[in-house]
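Descriptive analysis of the structure
Below are the chains, spelled out letter by letter.
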Amino acid sequence: MPDDLSYWDWRDALLMHPEGRAKGGEPCVKCSEPVPANAHWKHRDRHVCGTRCNSNLGRQINRLIKNTGDLDLHGRELGAPAKMTNPRTSGPRIFRTINGQEPPFEWEGFGVRQGDLVERYGVLVGYALLSRATEEAWPNWWPDHVLIAMELRSRQQFICGATADWDLTRLQIGYFGPQGEPRNEATFTSGGQLLRWHWERIRDVTPDGQEFNWEALVAAPADSPYRGDWWSPARTALSEKRKRETSTKSRHARRVRLEDAVVERFDPEEIYERDGWVCQLCLRPVDRTLAWPHPESKSLDHVLPLVAGGNHCRANTQLAHWLCNVRKGARTT
Ligand SMILES: [Zn+2]
Ligand SMILES: [Zn+2]
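Throughout what follows, the structure given in this document is the object of discussion. None of these values were measured; they are calculated from a predicted model.

1. Re the overall build of the protein chain
- When you go through the protein chain residue by residue, the secondary structure sums to six helices and 13 strands.
- Residues classed as buried in the protein chain amount to 43% of the 333 residues present.
- The contacts of the protein chain with a sequence gap of at least 6 include a subset with a gap of at least 24, amounting to 55%.
- Total accessible area computed for the protein chain in this model is approximately 18000 Å², and 50% of it derives from carbon and sulfur atoms.

2. Remarks on the coordination of the zinc ion (ligand 2)
- Coordination of the zinc ion (ligand 2) by the protein is provided by Cys279 (SG), Cys282 (SG), His321 (ND1) and Cys324 (SG), with metal-donor distances spanning 2.1 to 2.3 Å.
- Counting the intervening residues between successive donors of the zinc ion (ligand 2) yields the motif C-x2-C-x38-H-x2-C. Taken together, the positions of Cys279 in the loop between helix H5 (268-274) and strand E12 (298-302) and His321 in strand E13 (residues 317-321) put the pair 42 residues apart, joining distant regions of the chain. Each member of the pair Cys279 and His321 is classed as buried.

3. Remarks on the coordination of the zinc ion (ligand 1)
- Surrounding the zinc ion (ligand 1) are the protein donor atoms Cys28 (SG), Cys31 (SG), Cys49 (SG) and Cys53 (SG), at 2.2 to 2.3 Å.
- Seen from the zinc ion (ligand 1), its four donor atoms lie at angles of 103 to 117°, and the figure they make is tetrahedral.
- Of note, the zinc ion (ligand 1) draws all its donor residues from one chain, in the sequence arrangement C-x2-C-x17-C-x3-C. With a gap of 21 residues between them, Cys28 in the loop between helix H1 (7-15) and helix H2 (41-46) and Cys49 in the loop between H2 and helix H3 (51-67) connect regions that are remote in the sequence.
- Using a relative accessible area of 3% as the deciding quantity, one classes Cys28 as buried.
- By relative accessible area, Cys49 is classed as partly exposed at 26%.

4. Thoughts on the sheet that holds strand E6 (residues 168-176)
- In spatial order, the strands read E1-E2-E3-E4-E5-E6-E7; together these seven strands make up an open sheet with mixed pairing. Looking at the sheet topology across the chains shown, the edges are occupied by strand E1 (94-95) and strand E7 (182-183).
- In this structure, strand E5 (residues 157-162) lies alongside E6, joined through five bridges in antiparallel fashion. Counted as the bridge partner of Ala162 is Leu168 from E6.

5. Quick word on the side chain of His321
- Residue classification places His321 among the buried residues on the basis of a relative accessible area of 1%.
- Only 3.0 Å separates the side chain of His321 from the backbone oxygen of Pro285, close enough to count as a polar contact.

6. Considering the pattern of salt bridges
- According to the stated counting rule, one finds 15 salt bridges in the structure shown.
- In this structure, Arg203 and Asp229 form a salt bridge, with 3.3 Å as the shortest nitrogen-oxygen distance. A residue pair is termed long-range when its members are at least 10 positions apart, and Arg203 in strand E9 (residues 193-205) and Asp229 in strand E11 (residues 229-231) qualify at 26 residues.
- Each of the salt bridges in this network shares a partner with another, and the network as a whole consists of Arg59, Arg132 and Asp144.

7. Some thoughts on the nonpolar core
- Formed by 29 residues in total, the largest nonpolar core has its most connected members in Tyr127, Leu147, Trp197 and Trp214.
- When residues of this core are traced back to their parent elements, those giving at least two are strand E3 (123-131), strand E4 (145-151), E5, E6, E9 and strand E10 (211-221).
- Contacts of Tyr127, omitting those with residues within four sequence positions, involve Val112, Gln114, Asp116, Val118, Leu147, Ile148, Ala149, Trp166, Leu217 and Val218.
- Counting residues in each nonpolar core, the second largest holds 14 residues, with Trp10, Leu15, Trp292 and Trp322 among its members.

8. As for the environment of Ser131
- Relative to the helices and strands, Ser131 is located in strand E3.
- Between the C-alpha atom of Ser131 and that of Trp142, which follows or precedes it by 11 residues, the distance is 10.0 Å.
- For Ser131, the residues in contact, after removing those within four places along its chain, are Trp138, Asp144 and His145.
- Among the polar contacts listed, one links the side chain of Ser131 to the backbone nitrogen of Ala133, at a separation of 3.0 Å.

9. Brief notes about unusual backbone geometry
- Following Trp292, the chain continues to Pro293 via a peptide bond in cis, the omega torsion being 5°.
- Take Pro293: it is sitting in the loop between H5 and E12.
- Of note in this structure, His47 is not a glycine but carries a positive phi near 55°.
- By the secondary structure assignment, His47 is in the loop between H2 and H3.
- Positive phi values are uncommon outside glycine, yet Trp277 reaches one of about 55°.
- Examined against the element boundaries, Trp277 turns out to sit in the loop between H5 and E12.

Basis of the calculations
Residues numbered from 1 in each chain as written. Chains lettered and ligands numbered in written order. Predicted model: local features only at pLDDT ≥ 70, side-chain atom pairs only at ≥ 80, totals over all residues. Heavy atoms only, no water. Helix = DSSP H or I, 4+ residues; strand = E, 2+ residues; numbered from the N terminus. Buried < 20%, exposed > 50% of the residue type's maximum accessible area, 1.4 Å probe, protein only. Contact = heavy atoms within 4.5 Å. Areas by Shrake-Rupley, 256 points an atom, 1.4 Å probe, with all protein chains shown as cover. Donors = N, O, S within 2.8 Å, 3.2 Å for Na, K, Ca; no water. Tetrahedral: all angles 85-135°; square planar, octahedral: opposite > 155°, others 65-115°. Pairing = 2+ DSSP bridges. Polar contact = N/O pair within 3.5 Å; in protein donor to acceptor, adjacent residues only side chain to side chain. Salt bridge = Lys/Arg side-chain N within 4 Å of Asp/Glu carboxyl O. Core = buried A, V, L, I, M, F, W, Y, C linked by side-chain atoms within 4.5 Å.

As structure tokens, then:
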């Protein structure tokens, strides 16, 4: 794993099922129902059948991260990047379009909060955070919290999953009309104007060099030059500096990977048997009946990681507890 992962990227990597993205029909890791082939790609990455099982898996992983010091494994830290504090300092405010600047938008921190308005090319959107705990008519496939974005003139809505701290979870629930009726399209008319919903993401960096994203659901005229993705000047400068620093190193690594990569086809069980069901990282036994995401379940570790030019072959793989494997990965750059 690269060393500049955000906490959420790291957590996504942790939640990735060892067999990779489900094609459809694989058993859900929480309830054993088949994972639908058309499920959200994040659900297919985690082998969960839907939102409810995804939330359960997320809670299980949160407990694991919190309690990892108590696990009977290495007793080492998991290597999670620190959850950074929201760099936002202002209270409720209007985030405006600033013509003639690059990027031409105001933003601050991770995203919107209660009382904020976001104005993009003259279109105003307001926000509310709803919780399962306080709403009665809550569809059972919705997550515990949702952020509702409402275009103020037409009352059209765009809803997605959120945390209790207003951070978006990237789980898109959908577009809704003024009476809450589901709509299939991101476009709608308001005051005779054709508008479009966007998932806005602005990549920024704190003065002390921590990268973060502002994310907001916004509406803009369909014919405006709006693009949902922007990099702040500071973030662009940081990224370019990093590219210059690592380009020589990574060009070399890529060449090594391309010229020498060996991919053998084999059944991981063969490696587990070869290693006698003993984790090669902590040298403790692996219980073959435990299934991912149990921290002590079996996993295939690449001795020299693939990102460092290692091969996917019998000679470069070994059995490891899943958590031992995760810990090793977090230390490797
Ligand atoms: Zn399930
Ligand atoms: Zn181990």
